[in-house]
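Examination of the molecular architecture
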Amino acid sequence: MQASDLIGLENSGTSARRDGSSYFDNPMFRSAVPMETERQIYDWHSGCVAWASGWLREDAGRDEALYSLMKVRYW
């Protein structure tokens, strides 16, 4: 994935948080990305992380979203 693509995803995550979207609204989670090669999986993961980092950076200092994320069980 190109650096410009990752920057675009990060900016999209930032905008999504400003608009009130949930952390779990990450569009990469629903994308129809082929997962046939190792590179495709790494690119998908990089896109997920880029969007999430933009969302989290915009969320810095907002306790309500962090509180709701902490309640989610992952295991």
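Okay, the environment of Arg 62 next. Summarising the element assignment, Arg 62 is placed in the loop between helix H2 (38–59) and helix H3 (63–70). Relative accessible area serves as the criterion here: at 28%, Arg 62 is assigned to the partly exposed category. When the C-alpha atoms of Arg 62 and His 45 are compared, they prove to be 25 Å apart, with 17 residues separating the residues in sequence.

We now examine the packing of helix H1 (residues 3–18) against H2. Relative to each other, H1 and H2 sit at 40 degrees, their axes nearing to 7 Å. Here H1 is positioned oblique relative to H2, judged by the angle of their axes. Where H1 crosses over H2, the handedness of that crossing is right-handed. In this structure, H1 uses Leu 6, Leu 9, Glu 10, Ser 12, Gly 13, Thr 14, Ala 16, Arg 17 and Arg 18 to contact H2, whose residues at the interface are Ser 46, Gly 47, Ala 50, Trp 51, Ser 53, Gly 54, Trp 55, Arg 57, Glu 58 and Asp 59.

Confidence along the protein chain averages 89 in pLDDT terms, with 95% of residues attaining 70 or more. Ranking the elements of the protein chain by mean pLDDT puts H3 last, at 72, and H1 first, at 95.

Moving on: the pattern of salt bridges. All told, the structure shown has four salt bridges when counted by the stated rule. Taking the shortest distance from any N to any O, the salt bridge between Arg 17 and Asp 59 comes out at 2.7 Å. Of the two residues, Arg 17 is situated in helix H1 and Asp 59 in helix H2; the sequence distance between them amounts to 42 residues. Just as Arg 17 is buried, Asp 59 falls in that class too. Salt-bridge contacts for Arg 39 lead to Asp 43; the nearest nitrogen and oxygen are separated by 3.3 Å. Of this pair, Arg 39 and Asp 43 are both found in helix H2, four residues apart, which corresponds to roughly one turn of the helix. Exposure remark for Arg 39: the relative accessible area of 53% places this residue in the exposed category. On the accessibility criterion, Asp 43 (18% relative accessible area) is buried.

Cut-offs applied
- Here the residue numbers are simple positions, counted from 1 along each chain's written sequence.
- In view of the model being predicted, local features appear only for residues whose pLDDT reaches at least 70, and side-chain atom pairs are presented and counted only at 80 or more, with totals across whole chains, interfaces and linings using the full set of residues.
- As a rule here, side-chain values come from all non-hydrogen atoms in the structure, and water together with hydrogens is ignored.
- Per the convention used, a helix needs a DSSP run of H or I reaching at least four residues, while a strand needs a run of E reaching at least two, with both numbered from the N terminus.
- Accessible area is worked out with a 1.4 Å probe on protein chains only. A residue is then buried under 20% of its type maximum, exposed over 50%, and partly exposed in between.
- Here an angle of 0 to 180 degrees is reported between the N-to-C directions of two axes, which are lines fitted to C-alpha atoms, with helices fitted over the stretch in contact.
- Oblique is the label for every angle not falling under 35 degrees (roughly parallel), over 145 degrees (roughly antiparallel), or within 65 to 115 degrees (roughly perpendicular).
- Here a crossing is called left-handed whenever its near helix is offset anticlockwise from the far helix by less than a right angle, and right-handed whenever the offset is clockwise.
- Only heavy atoms enter the contact rule, under which two residues are in contact if any of them lie within 4.5 Å.
- For every residue, the pLDDT score states the predictor's confidence, bounded by 0 at the bottom and 100 at the top.
- What counts as a salt bridge is simple: a side-chain nitrogen of Lys or Arg found within 4 Å of a carboxyl oxygen of Asp or Glu.

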